[in-house]
Amino acid sequence: MDIVPQIIANSIIAGSVYALIAMGFSLIFGTTKFFNLAHGVLAAIGGYAVFYFANKLGLPVGVAVAIGIALAAAVGYGLECGVFRPLRKRKASSLVLLVASLGAFTALQAVIAILFTSQFRTLAGLIGDTRVIHIGTAVVTDIQVWMIGSAIAVLIALWLILTKTSFGRAVRAVSDDEEVSKIVGIDTNKVIGWVFVLGSAIAGLAGVLVGFDTGIEPTMGLPLLLKGVIAAIVGGMGSVYGAFLGAYLLGFAENFGIWHISGEWKDAIAFLILILFLLFRPQGILGRK
């Protein structure tokens, strides 16, 4: 039973990464009502930006991290203005938008591979030796503590933005009915644009933290995207708070599920949970029917 605290710690760490991806994804979906598959590659952009600006150009790590998050946000906003917004003006269906986002994902992933090759890289060396923290019999690193803290901080920040600001009220209005929001004078394109900036910045943050913890590679966006989407569906599509809960449920299910079996079953467990929710509670934990 001495391994249980470590499994709990691993579950919380995995859940925190999934939560960051899922909250950004769910925020965008709740406003636009389409699956933005390009969301995953933004995490890779954030990680590789830190690698380039800190390792190649020698900028301070803190500056490189800020640039990485900002670059992910800028690319997300660029996709909204250059791809998704023109398609929405043409009354494109959600399926067309999904395919367009998949094309953007593939293209951006290829660009990253061309610029940086497909070689696996790590960002851990940029911050020196990783400090190990013992919590009972569990062991975590300082970067993993940052992951957990970042997920909680992002949740609190989103709650404050969505409930305490006029922008948050506009986001909720667009999410409920975009056409009515236009009628009452809300600039829906501006609101959606800022939602993409916010959601993409969160994805960039996730990619940076994963880079410091385990490393980066051009294809890292796909597994992160899949787990984030599953967490968002389990929690309730469009609900940021549901995405947070779904991410931790997924993290615990995966890590306890492979306690006595091979770790290769982790992805199968995640998709089994997805299928069960789609069959018996398709609206998710906090979603509405």
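Look a little higher up for the structure.
A. Region of interest: the overall build of the protein chain. A tally of helices and strands in the protein chain yields 11 helices and 2 strands. N-terminal to C-terminal, the α/β element order of the protein chain is α-α-α-α-β-β-α-α-α-α-α-α-α. Over its C-alpha atoms the protein chain spans a radius of gyration of 19 Å, differing by no more than 12% from the 19 Å that the globule rule assigns to 289 residues. Principal axes of the C-alpha set define a box for the protein chain whose edges measure 60 × 50 × 35 Å. A burial count over the protein chain gives 49% of its 289 residues as buried. Long-range pairs, those at least 24 residues apart, make up 77% of the contacts in the protein chain with a sequence separation of at least 6. Summed over all atoms, the accessible surface of the protein chain reaches about 13500 Å², with 68% contributed by carbon and sulfur. If the 19 positive side-chain charges of the protein chain are averaged to one point and the 14 negative ones to another, these points end up 10 Å apart.

B. Broad picture of unusual backbone geometry. In this model, K33 sits at a positive phi of 65°, which is unusual for a non-glycine residue. Along the chain, K33 falls in the loop between α1 (4-32) and α2 (39-56). We classify K33 as partly exposed; its relative accessible area is 39%. Although it is not a glycine, K91 sits at a positive phi angle of roughly 60°. On the secondary structure map, K91 appears in the loop between α3 (61-89) and α4 (94-116).

C. Quick peek at the side chain of S200. Along the chain, S200 falls in helix α8 (residues 188-213). Leaving out residues up to four positions away in the same chain, S200 has contacts with I28, H39, L42, A72, A73 and G76.

D. Seen up close, the pairing of strand β2 (residues 138-141). Bridge count for strand β1 (residues 132-135) against β2 is 4 bridges, and the pairing is antiparallel. Along β2, the bridge assignment pairs I133 with V140. Between β1 and β2, which pair antiparallel one after the other, the connecting turn spans 2 residues, and G136 there sits at a positive phi close to 65°.

E. Layout of the side chain of D142. For D142, the location among the structural elements is in helix α5 (residues 142-164). Buried charge D142 goes without a salt bridge, the closest partner of opposite sign being R131 at 4.7 Å. Those residues within four positions of D142 in sequence are excluded, and the remaining contacts are T130, R131 and I133.

F. Geometry of a nonpolar patch on the surface. A cluster of nonpolar side chains, contributed by I152, I156, W159, L160, Y241, L245 and L286, occupies part of the molecular surface with about 610 Å² of accessible area. Counting only elements with at least two residues in the nonpolar patch, the list comes to α5 and α10 (240-257). Broken down by element, the nonpolar patch gets its largest block of residues, 4 residues, from α5. As for its placement among the helices and strands, L245 is situated in helix α10.

G. Structural detail: helix α6 (residues 166-176). Those residues of α6 that fall on the buried side of the exposure criterion are G168, A170, V171 and V174. Down the axis of α6, the buried set is contained in an arc of 160°. They therefore lie on one face. Projecting away from the buried face of α6 at angles above 90 degrees are the exposed residues S166 and D176. The secondary structure elements touched by the buried residues of α6 are α1, α5, α7 (178-183) and α8.

Conventions we followed
- Residues numbered from 1 in each chain as written.
- Predicted model: local features only at pLDDT ≥ 70, side-chain atom pairs only at ≥ 80, totals over all residues.
- Heavy atoms only, no water.
- Helix = DSSP H or I, 4+ residues; strand = E, 2+ residues; numbered from the N terminus.
- Rg over C-alpha atoms; globule rule 2.2 N^0.38 Å.
- Buried < 20%, exposed > 50% of the residue type's maximum accessible area, 1.4 Å probe, protein only.
- Contact = heavy atoms within 4.5 Å.
- Areas by Shrake-Rupley, 256 points an atom, 1.4 Å probe, with all protein chains shown as cover.
- Lys, Arg positive; Asp, Glu negative; His and termini not counted.
- Charge placed at Lys NZ, Arg CZ, Asp CG, Glu CD.
- Pairing = 2+ DSSP bridges.
- Salt bridge = Lys/Arg side-chain N within 4 Å of Asp/Glu carboxyl O.
- Patch = residues over 30% accessible without salt bridge, like charges linked within 9 Å, V, L, I, M, F, W, Y side chains within 5 Å.
- Arc of directions from axis to C-beta.

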